[in-house]
Amino acid sequence: MNFWERHFEERAKKLGELPEACDHKDRIAFLATRNALKSLLEEIRGKRILDVGCGNGIITEFLTASNEVLGLDFSFSMLKMAEKKNFIPILGGASHLPFKSNTFDCVLGIGLLQYIENEAEVVREMARVTKPRGTIILSLLHKNSLIRELIEWTGKETLELKKFSLPQTRGLLKTHGIGKISFKLLSYPLPCSFSRFPLPLVTTFLVKGEKIA
Ligand SMILES: C[S@@+](CC[C@H](N)C(=O)[O-])C[C@H]1O[C@@H](n2cnc3c(N)ncnc32)[C@H](O)[C@@H]1O
């Protein structure tokens, strides 16, 4: 088991169904991310969805009622909780997705890339298994955030996590054949998201793109 596998196994066992098990700072941060995700997905039904790094399933559970949702995670204990929420559980790593190309209408990676050593490899895999004109949504920690620096400075964030800028993310997606890119910006502890916001105040963002046919 590597460091992060152990980290999430332990959090799953200790914190169970809580948002904090999946490293959401608190309930406000969790709800803000989930609302932003809902607004990006709008009315989605009857689709085949892959949630890479699904965790305990709390953030994407709302999709399982009217879609087929596969949840992939390397933590067995996280997957057990997701399975109870009607995810189809797949135990595995994000760098080698065990699916044929062009399989899913929508592929999600919420709070995933900050733990990944080679993010290009994961984005390539996510793009590969997405159907042409299908949707990819990621949520990422923002690199140039004064608020995040302040949180780290006060010692509230002790883990070494990867952060991304908006142009870097746009480039990463474009390189892997993802276009029509749009962003939702979040500023903790505000409970909502914005299409435009002063970038130094943005702590997290969601990015949505479409696989170019
Ligand atoms: C921060 S949690 C986010 C969970 C969920 N997406 C959410 O937002 O509530 C990250 C999840 O990704 C999983 N994970 C991290 N790196 C992974 C990898 N390389 N392969 C598969 N799962 C991974 C962890 O086990 C954990 O459950």
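Starting from 1, residues in each chain are numbered consecutively following that chain's sequence as written. Given that the model is predicted, a residue must reach a pLDDT of at least 70 before its local features are reported, and side-chain atom pairs must reach 80 or more before they are shown or counted; all residues, however, enter totals for whole chains, interfaces and linings.

Visitor: Which parts of the structure should I look at to understand the overall build of the protein?
Guide: Counting its secondary structure elements, the protein contains 6 helices and 8 strands. Mapped from its N terminus to its C terminus, the protein presents α and β elements in the order α-α-β-β-α-β-β-α-β-α-α-β-β-β. Its C-alpha radius of gyration of 16 Å places the protein within 12% of the 17 Å reference for a compact globule of 213 residues. Here a residue counts as buried when 20 or more other C-beta atoms sit within 10 Å of its C-beta, as exposed when there are 12 or fewer, and as partly exposed otherwise, the C-beta atoms being derived from the backbone. Here the protein holds 213 residues, and the buried ones make up 41% of them. Note on contacts: residues are paired as contacts if their backbone-placed C-beta atoms lie within 7 Å. Summarising the internal contacts of the protein: among those between residues at least 6 apart in sequence, 64% fall at separations of at least 24. Counting from the N terminus, the helices are the DSSP runs of H or I reaching at least four residues and the strands are the DSSP runs of E reaching at least two. Atoms considered for the radius of gyration are the C-alpha atoms alone. The globule rule reads 2.2 Å times the number of residues to the power 0.38.

Visitor: I keep staring at the site of the ligand and nothing clicks. Help me out?
Guide: Residue proximity rests on one test: whether the C-beta atom, placed from the backbone, lies within 6 Å of the molecule or strand. Around the ligand, the surrounding shell holds 20 residues, and the nearest of these are Phe-8, Cys-22, Gly-53, Gly-55 and Gly-111. Residues are grouped as follows: nonpolar covers Ala, Val, Leu, Ile, Met, Phe, Trp, Tyr, Cys and Pro; charged covers Asp, Glu, Lys and Arg; every other residue, Gly included, is treated as polar. Of the residues in the shell around the ligand, the class split is 13 nonpolar, 5 polar and 2 charged.

Visitor: Looking at this structure, I do not really get helix H3 (residues 76-84). What am I missing?
Guide: Residue pairs three or four apart in sequence face the same way in an α-helix, which turns once every 3.6 residues. Buried within H3 we find Met-78, Leu-79, Met-81 and Ala-82. Buried residues of H3 fall within an arc of 160° about the axis and therefore sit on the same side. Considering only its buried residues, H3 is in contact with helix H1 (3-15), strand S2 (68-73) and strand S3 (88-91). Following H3 by one or two positions, Asn-86 has its phi on the positive side, about 75°. Picture the helix axis, draw a direction to every C-beta atom, and the arc is the one those directions span.

Visitor: Which parts of the structure should I look at to understand unusual backbone geometry?
Guide: Most peptide bonds are trans, and most residues other than glycine sit at a negative phi. The omega torsion of the bond from Tyr-188 to Pro-189 falls at 10°, within 30 degrees of zero and hence cis. Here Pro-189 lies in the loop between strand S6 (178-186) and strand S7 (193-194). Here Arg-133, not a glycine, exhibits a phi torsion of approximately 70°, which is positive. Locating Arg-133 in the fold gives a position in strand S5 (residues 130-141). The class for Arg-133 is exposed, based on 12 C-beta atoms found within 10 Å.

Visitor: Would you mind showing me how to read the environment of Leu-166 here?
Guide: With respect to the element layout, Leu-166 can be found in helix H6 (residues 166-175). The exposure class of Leu-166 is partly exposed, given the 18 C-beta atoms found within 10 Å. Contacts of Leu-166, omitting those with residues within four sequence positions, involve Phe-183 and Phe-205.

Visitor: Where do I start with the pairing of S2 in this structure?
Guide: Regular strands have side chains that alternate between both faces of the sheet. When you tally the buried positions in S2, you get 5 out of 6 residues, the bulk of the element. Strand pairing is defined by DSSP finding a minimum of two bridges between the two strands. Pairing of strand S1 (residues 48-52) with S2 involves 5 bridges; the strand directions are parallel. Residue pairing across strands places Arg-48 opposite Glu-68, the latter belonging to S2. Pairing geometry for S2 and S3, over 4 bridges, is parallel. Residue pairing in the sheet places Gly-71 in a bridge with Pro-89 of S3.

Visitor: What exactly am I supposed to notice about the nonpolar core here?
Guide: Generally speaking, soluble globular proteins have nonpolar side chains that are buried together. Remark: nonpolar core denotes a set of buried Ala, Val, Leu, Ile, Met, Phe, Trp, Tyr and Cys residues whose joining runs through C-beta atoms within 7 Å. Of all hydrophobic cores here, the largest spans 52 residues; its most connected members are Leu-50, Val-52, Val-107, Met-126, Phe-205 and Leu-206. With sequence-adjacent residues up to four places away left out, Val-107 is seen in contact with Leu-50, Val-52, Met-126, Val-129, Thr-130 and Ile-136.

Visitor: It is not clear to me how the sheet that holds strand S8 (residues 204-211) should be interpreted in this structure. Could you clarify?
Guide: Either a parallel or an antiparallel arrangement is found when strands of a sheet pair, and the pairing is made through backbone hydrogen bonds. On the basis of which strands lie adjacent, the open sheet formed by 8 strands has the order S3-S2-S1-S4-S5-S8-S6-S7 and mixed pairing. Of all the strands in the sheet, the pair left with one neighbour each is S3 and S7. Sheet topology places strand S4 (residues 104-110) next to S5; 6 bridges connect them, and they run parallel. Residue pairing across strands places Gly-109 opposite Leu-138, the latter belonging to S5. Angles run from 0 to 180 degrees between N-to-C directions of axes, and those axes are lines fitted to C-alpha atoms, restricted for helices to the stretch in contact. With respect to the sheet, H3 is in contact with S2 and S3, its orientation differing from that of S3 by roughly 170°. Along the sheet, helix H4 (residues 119-129) makes contact with S1, S4, S5, S6 and S8, crossing S5 at roughly 150°.

Visitor: In this structure, what is going on with the pairing of S1? I would like to understand it.
Guide: Across the 5 residues of S1, 4 count as buried, placing the element largely inside the fold. One ladder, built from 3 bridges, connects S1 with S4; its direction is parallel. Looking at S4, one finds that Ile-49 is bridged to Cys-106.

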